[in-house]
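Working through the structure, step by step
Spelled out from the first residue to the last, the chains are:
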Amino acid sequence: DAGVTQSPTHLIKTRGQQVTLRCSPKSGHDTVSWYQQALGQGPQFIFQYYEEEERQRGNFPDRFSGHQFPNYSSELNVNALLLGDSALYLCASSLQGLNTEAFFGQGTRLTVV
Amino acid sequence: GNSVTQMEGPVTLSEEAFLTINCTYTATGYPSLFWYVQYPGEGLQLLLKATKADDKGSNKGFEATYRKETTSFHLEKGSVQVSDSAVYFCAQVDSGGYQKVTFGTGTKLQVIP
């Protein structure tokens, strides 16, 4: 079992550009959540996808959008990048239901210059 | 809303010293509680969890007990090793079944030989 895999590992973008990050969930998992972790901070919840729909959203602007595919993999898109979007972006997968554990990927380090 | 507060770091200990990292939470229901660990340059790994009051989670010599009366989930280890140097995050998942993880700000532990 490969666990949660994210790509790319690192990315450098210019302010104003758009970026797409990808996540493949752990085998058997149907729910994908995305988190932003700024340097020295705890991860902050961006949104969660289940059954190809955004089910819950944190306090992030509409520049952050996502998608979930029929195979449960997911993409995070960020438009009009700002310097402050530089962070580690973490994907977590889980199985729908109570008290289930979230498994995290290694993250994508995004640097906006 | 739900939140997690943990002691600020960094915490510096000598090898074989006793470790305590304090964590308290606020929640409207009965969340599940977790400790995650993040090694330098890596994603998050689940260290231990507890899903109901008085449960004790344990793993790799680390322990934490879910204390509903004090809304706490303090992390302890009797004898730390240099390899335990990492950032530790206390976290909760609300009881609503959406697996949204709310993290504390993290506590950096450095263990010196």
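Everything that follows concerns the structure shown earlier in this document.
Residues numbered from 1 in each chain as written. Chains lettered and ligands numbered in written order. Predicted model: local features only at pLDDT ≥ 70, side-chain atom pairs only at ≥ 80, totals over all residues. Heavy atoms only, no water.

1. Some points on the side chain of Ser73(A)
Residues and elements named next belong to chain A. Tracing the sequence through the fold places Ser 73 in the loop between strand 7 (64-68) and strand 8 (74-78). Within the structure, the side chain of Ser 73 is placed 2.7 Å from the side chain of Asn 71, a separation counted as a polar contact. Ignoring any residue separated from it by four or fewer positions in sequence, one finds Ser 73 in contact with Cys 23, Ser 24, Pro 25, His 67 and Gln 68. (Helix = DSSP H or I, 4+ residues; strand = E, 2+ residues; numbered from the N terminus. Polar contact = N/O pair within 3.5 Å; in protein donor to acceptor, adjacent residues only side chain to side chain. Contact = heavy atoms within 4.5 Å.)

2. Some thoughts on the environment of Glu75(A)
Residue and element names in this part refer to chain A. Within the element layout of this structure, Glu 75 appears in strand 8. Sequence separation between Glu 75 and Gln 6 is 69 residues, and the spatial gap between their C-alpha atoms is 9.6 Å. Other than its neighbours up to four places away in sequence, Glu 75 contacts Thr 20, Leu 21, Arg 22, Trp 34, Ser 65, Gly 66, His 67 and Phe 69. Side chain to side chain, Glu 75 and Arg 22 meet in a polar contact 3.4 Å long.

3. As for the state of the cysteines
Residues and elements named next belong to chain A. Across all of its chains, the model carries two disulfides over all chains by this definition. Covalent S-S linkage joins Cys 23 and Cys 91, the inter-sulfur distance amounting to 1.8 Å. The S-S bond linking Cys 23 to Cys 91 shows a torsion near -60°; that makes this disulfide left-handed. One end of the pair, Cys 23, is in strand 3 (residues 19-24); the other, Cys 91, is in strand 9 (residues 87-94), and 68 residues separate them in sequence. A residue is classified by how much of its surface remains accessible, and Cys 23, at 2% relative accessible area, is buried. Classification of Cys 91 by relative accessible area gives buried; the value is 0%. (Disulfide = S-S within 2.5 Å. Buried < 20%, exposed > 50% of the residue type's maximum accessible area, 1.4 Å probe, protein only.)

4. Topic: the sheet that holds strand 3 (residues 19-21) of chain B
All names here are of chain B. Reading across the sheet, the four strands line up as 3-9-8-7 and stay open at both edges, with antiparallel pairing between neighbours. Each end of this open sheet is capped by a strand with a single partner; those strands are strand 3 and strand 7 (56-59). Across this sheet, the average inter-strand angle for adjacent strands is 15°, counted without regard to direction. Sheet analysis places strand 3 next to strand 9 (residues 75-77), joined by three bridges and oriented antiparallel. Paired with Leu 19 across the two strands is Lys 77, which belongs to strand 9. (Pairing = 2+ DSSP bridges. Axes fitted to C-alpha atoms, helices over the stretch in contact; angles between N-to-C directions.)

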